[in-house]
Structure formats: C-alpha cells, structure tokens
Amino acid sequence: MNYHQNLEWTPGRVVTLSTHLEKPSPFYFGYDIKQRFTSILNKYTFDKVFFFTEENLFELYGKELYNELRQKFDCRLEFVPPGEKCKYFPVLEEVCESLIAKGVSKKSILLAFGGGTVGNIVGLVAGMIYRGIRFVEIPTSMTGQTDSTLSNKQAVNGKTGKNHFGLYHSPIFIWSDTKYLKTEPAFSKRSGIIEGIKNGFISDATFLDYLEETLNPQLNFSDEQLTDLAYKIICSKLEILKKDPSEKGYGIILEYGHTFGHAIEWLEQGKLSHGESVSFGMKIAAELAYQLGLISQADVERHYYVIEEKLGFNNSFPAQITAEKLMDAMIADNKKTGEDLRFVLLDKIGQCYDPEGDFLVTVDPEFVKRIVENFIQQQREKTSAKTYELIA
Ligand SMILES: NC(=O)c1ccc[n+]([C@@H]2O[C@H](COP(=O)([O-])OP(=O)(O)OC[C@H]3O[C@@H](n4cnc5c(N)ncnc54)[C@H](O)[C@@H]3O)[C@@H](O)[C@H]2O)c1
C-alpha cells in the first residue's frame, strides 16, 4: 500500500483493506458505497440484526440503510444516548438487558452506526453478550473511520477516568463510507485529523509534510479531497499496526500526547473533545521533549503551526485546569499501568525516542510539573494577548 499516492477517485468503488490487528477485520472503504453494504452483510449467516445508532444520525443517514436492511432481514432499531453519554455503565447494562429481552441470540449481529462512541459501546456489548457475539462497525465520524475502528479496544468510562472498563473484541468487518463525513461538525472532524497529524509526528515526516500542504483551518475540502485525506490517515495508522498488531510494543507510539490528553479530557468532563485534548497533550509532550534535549525549538514550533494554524485547533487552554490538577489526573489515570508517569516522546520529527527498546519513557514528575506550569502560563498569556487585541 503506497499512501503517498492519491487514491483513485471513483464514487461507489469499494477498496478492501485489513485492520492488521492481532485479530484482523476486513475494512471496506470508499465514497458513497451504501449500495454494496447489504451484499457484504449477506455473506454471513444470522438470525437477527440489531441496528444501533444515535437519533440524529438515524435521521441523517441511518434511516435509509435501516429501511433497506429491514426489507431483507429481521432488523431491529436501537438508540443509544449521543456522544460520550453512551459510554457509561448504566447504558451498558440497559443495552445488554434490553437485547436479552428482545431475543438476541449467539447467531445475531449488532451493527454500530455512528462515531467512535457508538462503536465503543456496541463493541463492548457484543463482546459481553453470551461471552461474545458478532458486530459490524459503520463509522460515521473522522475519528471512527481513521482511528477508533483500527483498534479492537472497546470500553466505557469509569468514575475516575476514560475507558477504564472494557475488552478487546474485533468486528466481523468495518464499513467506512466517507460520504457521511460531510455533515460531521468541524470540531469533531478536527478530532479525527489530529490523530493523523500525530501519526506524522511519530512515524512519518513526509506524511506530516502532506498534511501541512493539504489542511486548512476552515476544513474546506471537496468530497474527493476529504476521501483522500481519510484514506491517507487510515493508511498512516495501518503502517504502524503492520509493524505491531498488538499496539503494545512499537504500536504504543500511538499514545503520543495521550497521557496529558486523557487527563485534560477527563478534567474537562465533556467540554473538550478527545482530539482537542490530545492536541494540547501533543504540544506539552513536545515542550517536554525539548526540555529533555531530544528535539529542537523548531520541532516544537511545528507542533503549534500544524495544530493551530493548519488544523484550526487554536482555542484557549481550559481556564480551570492547573498544573496540580493535571498532574493528579495523570497520576490517577496511570494507576491502570501501576507504573511511574511515562510518556511517548519524539527524538525527531517522524520518529519516537526509544531508549533501551522502550517507547514509554519515565520522567521525574517534578520535572514534568514544571513543564506543565510553563505551558499553562504561556497559554494564559496568549489568551490575554488575544483578548487585548480584540478590545483594542
Ligand atoms: N478504541 C480506540 O482505540 C479509540 C480510539 C480513538 C477514539 N476512541 C473513542 O472514540 C470516541 C470519540 O469518537 P468520535 O470523535 O467519533 O466521537 P462521537 O462518537 O461522540 O462523535 C462526535 C460527534 O459527532 C456526531 N457525528 C458523528 N458522525 C456524524 C456525521 N456523519 N454527521 C453529523 N454528526 C456526526 C456525533 O453525533 C457526536 O455528537 C471517544 O469515546 C474515544 O474514547 C476509541
């Protein structure tokens, strides 16, 4: 697969990829490919299909597909709460019990039609019912199409952090139609693209060059450009997964910016998207790598340039987050690994620092805290300067 070449633009054409994970799934990709879905699903034997989505996505696109499936199969419609609200234990319990009441069997298939959140809750439900039934992911967001479906991790959030409870469960296939991306809100689309930018920083400087040339802060793209962008971000992640399908060795580099990002996202309790939190996390990780003597000031500035000026993620850092709160949230979240605070860091653009074969680097928390304090102070000064400019 050469993702430096443009994808041939043919609406309706389905490109078949693989997730390259330990339990790989076929990944069908294209623009306006809905008409091919039923024939692919029909290759599987099943008694019922449960079609999960959010109400707004049902109105936008789901209805058409659901009505088509209903004419051919025993297909039931199920709604989940929108966005992150569906990733909680009470929803998980309600969905599982409701499926049992509606006669789900080991022969049934669940369909997850929506963003990464719908994929996560439905994937988890599918992994738990009767110790595992089949499910299909139909991602409708940039994050869903280029990131969350390229990982078999399914989870809900806990009381002290994101994705604390879950399991690994692979879909029988993924159906990625970029036509859906047109209506995705810009803040949400940016959240997916930021992971592509991350892939450039951690593994491929030429991909970062491409993103710098292609992105614009308004996200004005033709259907062809948006499809090409999604395809290349997918391929940038697949290149990493091919080297480490477990995501636990080399693949851990995908966590770049996420140690800080998860803590920021958690502290903001839904006010900041996953991607915007990670965008702040990547900037802090770059500052940390610079202060450790790993990368240059120019490399740090490139983070700000591509994230803020090219992608348009340039909001102020959340006012209520202090260095203390951020450190506490990271330490609480880190309990799951039972280890010191460890970070993925760059040692140049397109490459991660790998001392002694380990991409997770332990850094003294006091040192990290100083970097975070400086970062927050700089961010506050920037915000004040912007406000002053506006008033003047
Ligand atoms: N398993 C993994 O490895 C992995 C990786 C990345 C993210 N995730 C998870 O994915 C979630 C984030 O995914 P997301 O960014 O898709 O969030 P999301 O599912 O909340 O979707 C974002 C918003 O966009 C809307 N939306 C989605 N598609 C749309 C469309 N085509 N048109 C109009 N609106 C649309 C949704 O209604 C929602 O309001 C997080 O919970 C994160 O933890 C998991």
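Above this text sits the structure in question.
Read on for an overview of the structure. (Residues numbered from 1 in each chain as written. Predicted model: local features only at pLDDT ≥ 70, side-chain atom pairs only at ≥ 80, totals over all residues. Heavy atoms only, no water.)

Moving on, we get to the packing of helix 9 (residues 258–268) against helix 10 (residues 274–291). For the pair helix 9 and helix 10, interaxial distance at closest approach is 7 Å and the crossing angle is 135 degrees. Comparing their axes, helix 10 and helix 9 come out oblique. The hand of the helix 9/helix 10 crossing is right-handed. Contact residues: helix 9 offers H258, F260, G261, H262, I264 and E265, while helix 10 offers H274, S277, V278, F280, G281, I284, A285 and L288. (Axes fitted to C-alpha atoms, helices over the stretch in contact; angles between N-to-C directions. Helix = DSSP H or I, 4+ residues; strand = E, 2+ residues; numbered from the N terminus. Parallel < 35°, antiparallel > 145°, perpendicular 65-115°, else oblique. Left-handed = near helix turned anticlockwise from the far one by under 90°. Contact = heavy atoms within 4.5 Å.)

Right, let's get into the nonpolar core. In this structure, I197 and F260 are the most contacted members of the largest nonpolar core, which totals 78 residues. In terms of residue count, the dominant contributor to this core is helix 8 (residues 223–243) (10 residues). Mapped onto the domain boundaries, this core takes at least three residues apiece from domain 1 (15–183) and domain 2 (187–391). Judged by nonpolar contacts, the second largest core, of 26 residues, contains V14, I33, F51 and Y66. (Core = buried A, V, L, I, M, F, W, Y, C linked by side-chain atoms within 4.5 Å. Buried < 20%, exposed > 50% of the residue type's maximum accessible area, 1.4 Å probe, protein only. Domains from an automatic or database assignment.)

Glancing now at the packing of helix 6 (residues 186–203) against helix 7 (residues 205–214). Direction vectors running N to C along helix 6 and helix 7 enclose 145 degrees, while the axes themselves pass 6 Å from each other. Crossing of helix 6 against helix 7: the hand is left-handed. Contacts between helix 6 and helix 7 pair G196, I197, G200, F201 and S203 from the former with A205, F207, L208 and L211 from the latter. Residue composition of the contact of helix 6 with helix 7, grouped by class: six nonpolar, three polar and no charged. (Nonpolar A, V, L, I, M, F, W, Y, C, P; charged D, E, K, R; others polar.)

Time to look at the layout of surface pockets. Reported here for the second largest pocket is a volume of approximately 230 Å³. Lining the second largest pocket are 13 residues, with E22, K23, N152, Y168 and H169 sitting closest to its centre. Residue composition of the lining of the second largest pocket, grouped by class: five nonpolar, four polar and four charged. Residues from two domains meet in the lining of the second largest pocket; each of domain 1 (15–183) and domain 2 (187–391) gives at least three. (1 Å grid on protein atoms, 1.4 Å probe; cavity = no way out; pocket = protein on both sides within 12 Å on 5 of 7 lines; lining within 4 Å. Points joined across faces, edges and corners; volume = space filled by probe spheres on them.)

Turning to the site of the ligand, a few remarks are in order. The local shell around the ligand holds 26 residues, among which E54, G116, T117, S141 and Y180 are the closest. A distance of 2.8 Å separates an oxygen atom of the ligand from a polar atom in the side chain of K87. In the model, a nitrogen atom of the ligand is placed 2.8 Å from a nitrogen or oxygen of the T183 side chain. For the ligand, whose free accessible area comes to 850 Å², the fraction covered by protein is 88%. (Near = heavy atom within 4 Å. Polar contact = N/O pair within 3.5 Å; in protein donor to acceptor, adjacent residues only side chain to side chain. Areas by Shrake-Rupley, 256 points an atom, 1.4 Å probe, with all protein chains shown as cover.)

The subject of this paragraph is the sheet that holds strand 5 (residues 109–114). Read across the sheet, seven strands follow the order 1-2-9-6-5-3-4 without closing on themselves; strand pairing throughout is mixed. Edge positions in the sheet fall to strand 1 (15–18) and strand 4 (75–79), since each has one partner strand and no second. Across the sheet, the axes of successive neighbouring strands diverge by a mean angle of 20 degrees, strand direction being ignored. With four bridges connecting them, strand 2 (residues 26–30) and strand 9 (residues 173–177) associate as parallel partners. Counterpart to F29 in the pairing with strand 9 is S176. Along the sheet, helix 4 (residues 116–128) makes contact with strand 3 (49–53), strand 5 and strand 6 (134–139), crossing strand 5 at roughly 165 degrees. (Pairing = 2+ DSSP bridges.)

As a further point, take the side chain of S277. Here S277 lies in helix 10. Classification of S277 by relative accessible area gives buried; the value is 0%. S277 has contacts with G261, I264, E265 and L272, leaving out every residue within four places of it along the chain.

This brings us to the pairing of strand 5. The element strand 5 is largely enclosed, with a buried count of six among its six residues. Judged by which residues are buried, strand 5 turns out to be covered on both faces: I109, L111 and F113 on one side and L110, A112 and G114 on the other are all buried. In terms of strand pairing, strand 3 meets strand 5 through five bridges, oriented parallel. Note that in strand 5 the partner of F52 across the bridge is A112. Handedness of the β-α-β unit built from strand 5, helix 4 and strand 6 comes out right-handed. (Right-handed = clockwise from strand over helix to strand, strands pointing away.)

Let us now look at the packing of aromatic side chains. Enumeration according to the criterion identifies 21 aromatic pairs in this entry. With centroids separated by 5.5 Å and ring planes inclined at 80 degrees, the aromatic side chains of F58 and F79 adopt a geometry described as edge-to-face. With a gap of 21 residues between them, F58 in helix 2 (residues 55–72) and F79 in strand 4 connect regions that are remote in the sequence. Judged by relative accessible area, which is 8%, F58 ranks as buried. Measuring from centroid to centroid gives 5.0 Å for F89 and F165, while their planes differ by 45 degrees, and the two rings are tilted. With a gap of 76 residues between them, F89 in helix 3 (residues 89–101) and F165 in strand 8 (residues 165–168) connect regions that are remote in the sequence. Classification of F165 as partly exposed rests on a relative accessible area of 38%. Pairwise contacts between aromatic rings join F51, F58, Y61, Y66, F79, F113 and Y180 into one cluster. Lying across the ring of Y168, K248 places its NZ or CZ 5.0 Å from the centre. (Phe/Tyr/Trp six-rings, centres within 6.5 Å; stacked < 30°, edge-to-face > 60°. Lys NZ or Arg CZ within 6 Å of the ring centre and 35° of its normal.)

Time to look at empty space enclosed by the protein. According to the stated counting rule, one finds one cavity of 30 Å³ or more in the structure shown. The space that makes up the largest cavity amounts to roughly 50 Å³. L7, E8, W9, T10, P11, R13, V15, G30, Y31 and T227 together form the lining of the largest cavity. Its residues assigned to classes, the lining of the largest cavity comprises five nonpolar, three polar and two charged.

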